Amino acid sequence: MEDRTTDAAPARRRMRKWLMAAAATLAIAFAGVWQLVPAGAQQSGGFTIDGTQLIDANGNPFIMRGSTHPDVWYQGEFESFGEISDLGANTVRVVLGSGHRSWGATSAARVQQIVDECKAQRLICVLEVHDTTGYGEEAGAATLDQAVTYWEGLYSVLEGEEAYVLINIGNEPIGNTNPQQWTQATVDAVDRMRDIGFEHTLVVDAPSWGQDWAYVMRDNAPTVAAADPLGNTLFSVHMYQVYSSPQTVIDYFDAFEAMNLPLIVGEYADTHQGSTVAWETIQSEAQERGIGWIGWSYSGNSDPILDQVLSFDPNRMTAYGEKIFNSTYGIGNTAERATVYGDDPDPTDPTTSPSEDPTTGGPAEGDCEAAVSVVSTWSSGWQGKVVITATGAAVDGWRLTWTWSGTTRITSSWNADVTASGANVTAEDVGWNASVASGQSREVFGFIASSPTGTPAVTCEAI
C-alpha cells in the first residue's frame, strides 16, 4: 500500500476538499447519490463537468473528437501530434508508461514536451497510464494506486495545465477477473488524486478491459462521481466487439444520460479481434447526444487493422482511418477546437447535428466578413485560422476567397473545402460549420501554410 499523506497538497486545497466532501454528504441525504455533481461545486480555470457535459475553461461545451498516439512505444514519431491536428482532431489521447511494464516510464520532461506540443497544435491532451491495462488478469499490470503514485511525480508538470490536459488515471484498469473490484479502487484513486492537489478533470476507464460488459462502471458510476469532492470525473467506456450491435451502444448511452453523468467513448474501432463494431452508431449517437469519442489508434499497432494510417504516414490512410476522420460524423465533419485556443463564442448546444442550425430555425442568407489570423509560426511555416462574422442576417453557408501576396501557399487544412490555383484560394463550408448567427463571429476552419506569414484581405460571400 502506497503512502497516502496529503502533505503535498496546499492547505487551501485540503480545506476545499473537506468542505466539498461535507456538502456531498448533505446532498446524499436530500437529493440521491446520482445528483451529486452540481456545476457550482466545480473549480474554475480548467475543464469542469456540468451534468452530462464536459465544459472548457471558457464555459463552453467541449466534445472530444480525437485519436490516440502511443508515445511511450514510438517516441520517434513526435510529428504525429501535428499530423493528427492537421487531420482536424481537437483531442489526442497519449499513451504513457508508469515504469511497471517492460516499455518503461515516461519521464516528467517528456510529459512536459507532450503537453507543450499539444498546446502548440491546439489539441486537448488526454494523458493515460497504460501499465494498468487488464490488472488482475494481465501479468505485471499495475494497480490504480501505483498509477496514482506515478501521477504524483508529475504534479509539478501538470499543475496549471487544467485548461488543456485531462488525466486518464489508468487505461482499462481491471480485466475480466473480479471486475467488481473496480469501484473501490477507482474511488480510492480519485480521492488520492484530489489529496495530492490535482484539480484536473479525471477520466476513469471501465473494467473488463474497458468494455464494461458486466456493467460494473455503469451501475457504480454514481458512487464514483459522488466520491470526487470537485465533481469533476468523466467516465470512459471502450467500445469494441461487445458493442457489435447498434442497440448495445444506444442502451449504454441511455444509461448515463438517465443518470445525468458524463461519458465518453475513450476507445473504439470499426472491427476488433475478428468482430465488427457498431462504429456508425457510436458516431451518430455521440453527435446527437454531445458525447466525445477517441478512436484507437493513429498508427503502430501490432495488428495493422487498428491503424488509422500506416507507418505513421498521414498520406497512407486506411479504410478504418477514413471512417474516423472523413465519415459523415467523423472528425473532419464534427470536430470543433476548444475555445481556449481561439475565439470564445457564447456557449452553444452541443447536441446539434451537422445539418441543423439552432440559431435561425432554417436557411437564411446574409452579409459576412472574414479574416485570417496567425495562431503560431515556425521557421518553415505557420498555422492560421479563419473567423467569419455575420454582419447582417444569419449566414447559412459561405464561400471565402483571397489571394496571397508572395510565395505563401496552404499546405494542409481542416474543416473546409479548400481549393487553390497559384496564389488564389477558395474555401467553402462543409455543412456542419455553415451557420453563423446574426451579429456573431465563428472560427470556421484552420490551415497550415508555407512561409512567409501573411494575413490577406478575405472576401466573404454568403451562399
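Please read these numbers as outputs of a predicted model, since none were measured by experiment.

Analysis parameters
Residues numbered from 1 in each chain as written. Predicted model: local features only at pLDDT ≥ 70, side-chain atom pairs only at ≥ 80, totals over all residues. Heavy atoms only, no water. Phe/Tyr/Trp six-rings, centres within 6.5 Å; stacked < 30°, edge-to-face > 60°. Lys NZ or Arg CZ within 6 Å of the ring centre and 35° of its normal. Disulfide = S-S within 2.5 Å. Helix = DSSP H or I, 4+ residues; strand = E, 2+ residues; numbered from the N terminus. Buried < 20%, exposed > 50% of the residue type's maximum accessible area, 1.4 Å probe, protein only. Salt bridge = Lys/Arg side-chain N within 4 Å of Asp/Glu carboxyl O.

**A look at the packing of aromatic side chains**
Considering all chains together, one arrives at 19 aromatic pairs under this definition. Members of the aromatic cluster, joined through ring pairs, are W382, W398, W402, W404, F445 and F447. One residue, K119, lies across the ring of Y164, its end atom 4.7 Å from the ring centre. A cation over an aromatic ring shows up here: R218 above the ring of Y215, its NZ or CZ 3.8 Å from the ring centre.

**Some remarks on the state of the cysteines**
Enumeration according to the criterion identifies 1 disulfide in this entry. Between the sulfur of C368 and that of C460 lies a disulfide, 2.0 Å long from S to S. A torsion of -105 degrees about the S-S bond marks the disulfide between C368 and C460 as left-handed. With a gap of 92 residues between them, C368 in strand β13 (residues 368-378) and C460 in strand β22 (residues 457-462) connect regions that are remote in the sequence. Note on accessibility: C368 and C460 belong to one class, buried.

**Here's the deal with the pattern of salt bridges**
Enumeration over the complete set of coordinates arrives at 18 salt bridges. Its salt-bridge partner being E161, residue K119 comes within 3.0 Å of it at the nearest N-O pair. Residue K119 is found in helix α3 (residues 108-120), and its partner E161 is found in the loop between α5 (155-158) and β6 (165-168); the two are separated by 42 residues along the sequence. Among the residues examined, K119 registers a relative accessible area of 28% and is labelled partly exposed. On the accessibility criterion, E161 (10% relative accessible area) is buried. D270 serves as the salt-bridge partner of K323, at 2.9 Å between the closest nitrogen and oxygen. Of the two residues, K323 sits in helix α10 (residues 319-326) while D270 sits in the loop between β9 (263-268) and β10 (271-272), which places them 53 residues apart along the sequence. Residue K323 is classed as partly exposed on the basis of its relative accessible area, which comes to 26%. Salt bridges sharing partners connect three or more residues here, namely R93, E128, D205 and E267.

All quantities given are derived from atomic positions and should not be read as evidence of function.
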